[in-house]
Amino acid sequence: MRALLLALLCLAAARVSGEPAPLADGQAIRGQFQQLRQMQGFTNPVRSEGHFLLVPGRGLIWTTDRPFLVTTVLTPEGLVQNAGGNGSFKIGAANLPMLTRLYAMMSAALAGNWRALETDFAITHDSAGKHERFRLTPLRADPSGGMLPRQITITVGRFVEKVDIERSGGDSDHLSFSNQTLGDAALQRSEVEDFSSAEP
Amino acid sequence: MTLPFSRPWPAALWLLLVVAALLHVGFAMARGLPLQSDIMALLPREDRDAAVQQAKDTISVTLSHHVLFLLGHTDPAQARAAADRLEQALTGAGMMSAATDIPSATAIQQIGRRYFPERGGLLADADRRRLLDGRGSDLASRALSQIFGFAGFADGRMLAADPFQLLPAFLAGLPLPTNKLHLDNGRLTATGNGLTWVLVSGQLTGEATSLAFQKRFTGMVDAVGNSFPRGVRLLRLSALFYAQAGADRAITVSSTLALISLAGTALLLLAAFRSVIPLALGLLSIAVGFVVALSLSLLVFGELHVAAQLFGVSLIGIAADYALLYFAQLFSGQPNPQKRLAKVFTGITLGMLTTVVGYLSLALSPFPGLHQVALFSAVGLFAAYLTVLLWLPRLDRLRPIALGRRAVRWAEMLGAFWLAPVMRRWRWASVVLACLIGLAGYRQIHIDDDVRHQQTLDPQLSAEQSDIQRLIGFAPTGQFFLVSAVDDEQALRDEEILGVRLADLVVTGALSFWNAPARFIPSLERQFANRRLIDEQLIAPHFAALRKTLGMAAVAPLPEPSGTLTLPAVMAEGGFPILNVMVLQPGRHLVLLEGITDMAAVRHAADGIPGVRFVDPTLDISALLAAYRVRALWLLAVSVLLMAPLVAWRYGWRGIPLVLGPPALAVIMAPACLGLAGIPFTFFSAIGLVLSLSIGVDYAVFCAEDERLNPVTLTGITLAMSTAILSFGLLAASDIEGIQTFGAAMLVSVPLSYAMAPLAGRAQKRQSF
């Protein structure tokens, strides 16, 4: 589901780089996020914050810094998650078809291709001052059994600024992004290793 | 002497029979000759252990019916379109049913619903190992990262039901093959070589070994492939393509060899007799032999293997001998055809009998394909013999011709070498030379029983297979473990023990992947053990802290396993088609293996687990080839024993070494010569020697029938040897090792037999027909 969010991040990046041009080769987006999750059966919302790196063609490194360190690396081949150095968990894309479906949507979005999203969502759009708001509603019943959200609202300024996700079970996620930069994709050694770790 | 069957009615009766055979073959061809190309059909069925045979058949059928394509293009949409077209064409024509071992998202959901109530007893292998190692904290951290990390699929309800997210981990860890594939627009897709590759996977609906089906299938694939836009690449993987390429190659080789053999024989006969009549009548006897043999083989076996057809080429050379020896009597000056026939009657009859004995001894081998060759050759020879006897003197209007001076000189030299007292010293020198060659050669003999060497795989298809293995990681092997237990529960327990060892082998790289029913459904014993392990290593030490960190409300405890998540129950859901392959019957399972790099380590993985055994069909067939190579050599001795009474009846006991000695020596010397030439000795070499013995005995018998070694007789034998070399020698040019070594053995031993045959001229005739 977060991969969908990623797709939208990319979409926004495509907008700022002069639509409908996609992110150029060798470009990357870096930024910070704050997340608030409200889940059924939990007395308090779960809060977290951290930073991310998105490289077209390679994937995403999503690092939660607080309340504790969790690094997630997502590539077309699969997903690796490492929680505070307590061993990593790896899921191959074949074992989680939805993951790659969502990753494919991200790729489509990177190409500035709204149509890829339109096959799964009805998209409405309105403007409010400097911001634009997109509302995505699934066209069909969720084939993944709850992984797709009921509705997503994205607020976009220069980059994506806010994402609100309503899920079918009554849970909701609220993400806000800050300090986003579009730069070249010169990766640090640890980032290269992170991407390599997700290869099968 | 006049022969009893020189009257017209036997010839007329034979004509009736031949016409009947011709009609039968004609009708069979009109319907399409039932030809077989499966190389395995040539090999014996192992009937010692029914369970092993059943397992091998299952693997063989599964592998031979599986067909897989990758369609590549720089544009994923083009690759998908090409995949759609190919799949629609093949399924639309009813030649393939689309099938994949990777369950659909819907199937995963169904299975998830079946597994969900049993989640208390399900642990992914890696999770179980962590808990056994006392590392429950890893799983607690993972549960937190599911909520705080990216792609956290867990929602509040899921966390309440399964706080440590053990069920998703179990489902994500299911051993689904080809883990380099992902779903893209509903199609399994891989990337590599700068292209997007889309998978088309299915099961053949026709018989993979039927030549007709192979042609239709490959024809359709080629037609669709040719209509693709530029830039689309097609990779193929199926036993069918290999079989079709092999059959194509065998038929091409067979046709080419037959053509060259016929052309060579024709030229030889024209040069020798300066008339086309011997050639035409010789061909007639061969054609009759071929048609009668084909008809009877189809009546007896219902079909004919292309390899039997290939060996049938050899028949051409041998059947020509009878006509040749008959026509060689033209050089004797005898004007009456019936009298010319009478002169060679005993020789060709004895020769035919000993050769048929040699050919029929092939039927003693356990190879079904060789039974066809035995019957085909023996019947063909007998029919050609009858044609020479009954028809040739009636059709032959030739006048006697003089033997050329060079032929006379050559025949005299050859005869003198073995019979003239002045050549005694040279004869002994040749014996010493033969012994030296034998000593040197036998030390150089390289025995090769590896069945994989006996056939040549098409290099283009092999390259495509390597590409497919690299792109999607699919590397099926014929080796497997067979688990035999009293029931499914015990079989699953055995697989769990084996699984620990195989998982270690995957870590060391001895194996890339393994699959067993127990990886989908743990034994009930394991489910209950997992439940205890989760309680002790996860719930008790870590659940309270997790709840506090997340602020979770009270949750119900994990359910106990109900004891109903069993193999038949999951198979009834139908979500995992691979289970139908791996479960042969209750308690009898297969453990499939991929990418073996250390065969010895894998082979020993089942040591000490009762009821689990490693099966390597390729190795088993190679071992059988080795056993039957030895058996074929015994067959040689048996052939000599079977021929000995016939020879003794005609030439007395002293005649046995003189008549059977030269061909026997030739087949003893031949392996030494092959060793020196660096040609491996195979089962097929041994079979070649069995046939060579029969042919060599023919030559010796003709020499024995003519004590004075008339140049006419020796010229006839020289022509016979030349035609035999034209057909057998050509087989040595084949690039299929089995056929090549067969041909090479004949190429060496037949001339040796021929060179020594005049020694039989010393034998004294005692009985006459």
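Please refer to the structure placed before this passage.
This one's a predicted model, so the numbers in the text were calculated from it and none came from an experiment.

Novice: An account of unusual backbone geometry is needed here, citing residue identities and associated values.
Specialist: The residue after arginine 66 of chain A, namely proline 67 of chain A, is reached through a cis peptide bond having omega 10°. Mapped onto the elements of the fold, proline 67 of chain A is located in the loop between strand 3 (59–66) and strand 4 (70–75). One non-glycine residue, asparagine 179 of chain A, adopts positive backbone phi at about 50°. Inspection of the secondary structure puts asparagine 179 of chain A in strand 11 (residues 172–184). Taking the relative accessible area as the measure of exposure, asparagine 179 of chain A reaches 57% and is therefore exposed. The backbone of arginine 274 of chain B sits at a positive phi, close to 50°, despite the residue not being glycine.

Novice: Describe in detail the environment of histidine 371 of chain B, supporting the description with residues and values.
Specialist: Residue and element names in this part refer to chain B. When you line up the elements, histidine 371 lands in helix 14 (residues 368–390). The exposure class assigned to histidine 371 is partly exposed, which follows from its relative accessible area of 28%. Taking the C-alpha atoms as reference points, histidine 371 and alanine 308, 63 residues apart in sequence, are found 9.0 Å from one another.

Novice: Residue-level account of the environment of valine 160 of chain A, with values.
Specialist: Among the structural elements, valine 160 of chain A can be located in strand 10 (residues 160–166). Sequence-wise, valine 160 of chain A and histidine 131 of chain A are 29 residues apart; in three dimensions their C-alpha atoms are separated by 9.5 Å.

Novice: Which residues make up the packing of aromatic side chains, and what are the values?
Specialist: Enumeration according to the criterion identifies 19 aromatic pairs over all chains in this entry. Taking the centre distance of 5.9 Å and the plane angle of 35° together, the rings of phenylalanine 213 of chain B and phenylalanine 217 of chain B count as tilted. Taken together, the residues phenylalanine 213 of chain B and phenylalanine 217 of chain B, both in helix 9 (residues 211–226) and four residues apart, mark about one turn of the helix. In this structure phenylalanine 213 of chain B comes out as buried when scored by relative accessible area, which is 6%. Judged by its relative accessible area of 0%, phenylalanine 217 of chain B is buried. Centroid distance phenylalanine 417 of chain B to tryptophan 418 of chain B: 5.1 Å. Interplanar angle 85°. Geometry classified as edge-to-face. In this structure an aromatic cluster arises from ring pairing among Phe33, Phe52, Trp62 and Phe177 of chain A. Sitting above the plane of the phenylalanine 241 of chain B ring, arginine 236 of chain B keeps its charged end 5.3 Å from the centroid.

Novice: Could you give an account of the pairing of strand 12 (residues 588–594) of chain B, naming the residues involved and the relevant values?
Specialist: All names here are of chain B. With seven of seven residues buried, strand 12 is to be regarded as a mostly interior element. Burial along strand 12 is two-sided: the face carrying Arg588, Leu590, Leu592 and Glu594 and the face carrying His589, Val591 and Leu593 are both buried. Alignment of strand 10 (residues 513–515) against strand 12, held across three bridges, turns out to be antiparallel. Following the sheet pairing, tryptophan 514 is matched in strand 12 by leucine 593. Sheet analysis places strand 11 (residues 583–585) next to strand 12, joined by two bridges and oriented antiparallel. Residue valine 583 lies in a different strand from strand 12, and its bridge partner there is histidine 589. Linking strand 11 back to strand 12 in an antiparallel pair, the connection comprises two residues, with glycine 587 at a positive phi of about 85°.

Novice: Please set out the pairing of strand 3 of chain A residue by residue, giving values where relevant.
Specialist: Residue and element names in this part refer to chain A. Of all the eight residues making up strand 3, six are buried; the element is thus mostly covered by neighbouring parts of the structure. Across seven bridges, the pairing between strand 2 (residues 46–55) and strand 3 is antiparallel. The residue bridging histidine 51 from the neighbouring strand is threonine 63, located in strand 3. Where strand 2 hands over to strand 3, the hairpin turn is made up of three residues, of which glycine 57 adopts a positive phi near 85°. Bridge count for strand 3 against strand 4 is five bridges, and the pairing is antiparallel. In the sheet register, leucine 60 faces strand 4, and the bridge partner there is leucine 74. Hairpin connection of strand 3 to strand 4: three residues between the antiparallel strands.

Novice: Can you explain the side chain of aspartate 616 of chain B? Please cite residues and give values.
Specialist: Residues and elements named next belong to chain B. Positionally, aspartate 616 belongs in the loop between strand 13 (612–615) and helix 24 (617–651). Despite its burial, aspartate 616 pairs with no opposite charge; the closest candidate is arginine 603, at 4.1 Å N-O. A polar contact of 3.3 Å, which involves the side chain of aspartate 616, links it to the side chain of glutamine 479. Sequence-distant contacts of aspartate 616, that is, excluding residues within four places in its chain, are made with Gln479, Met599 and Arg603.

Novice: A description of helix 1 (residues 8–31) of chain B should follow, citing residues and the corresponding values.
Specialist: All names here are of chain B. Taking 1.5 Å per residue as the helical rise, helix 1 with its 24 residues ought to reach 34 Å, and the 35 Å between its terminal C-alpha atoms agrees with that figure. All of the buried residues in helix 1 are Pro10, Ala11, Trp14, Val18, Ala21, Val25 and Ala28. Summarising the contacts, the buried residues of helix 1 are in contact with helix 11 (276–301), helix 14 and helix 15 (392–395). At the exit of helix 1 stands glycine 32, carrying a positive phi of roughly 100°.

Novice: An account of the environment of lysine 343 of chain B is needed here, citing residue identities and associated values.
Specialist: Residue and element names in this part refer to chain B. Note that lysine 343 resides in helix 13 (residues 337–361). A sequence separation of 14 residues divides lysine 343 from glutamine 329, and the C-alpha atoms of the two residues are 7.8 Å apart. Those residues in contact with lysine 343, other than ones at most four positions away along the chain, are Gln329 and Ser332.

What counts, and at which threshold
- Residues numbered from 1 in each chain as written.
- Chains lettered and ligands numbered in written order.
- Predicted model: local features only at pLDDT ≥ 70, side-chain atom pairs only at ≥ 80, totals over all residues.
- Heavy atoms only, no water.
- Helix = DSSP H or I, 4+ residues; strand = E, 2+ residues; numbered from the N terminus.
- Buried < 20%, exposed > 50% of the residue type's maximum accessible area, 1.4 Å probe, protein only.
- Phe/Tyr/Trp six-rings, centres within 6.5 Å; stacked < 30°, edge-to-face > 60°.
- Lys NZ or Arg CZ within 6 Å of the ring centre and 35° of its normal.
- Pairing = 2+ DSSP bridges.
- Lys, Arg positive; Asp, Glu negative; His and termini not counted.
- Salt bridge = Lys/Arg side-chain N within 4 Å of Asp/Glu carboxyl O.
- Polar contact = N/O pair within 3.5 Å; in protein donor to acceptor, adjacent residues only side chain to side chain.
- Contact = heavy atoms within 4.5 Å.
- Expected span 1.5 Å × (residues − 1).

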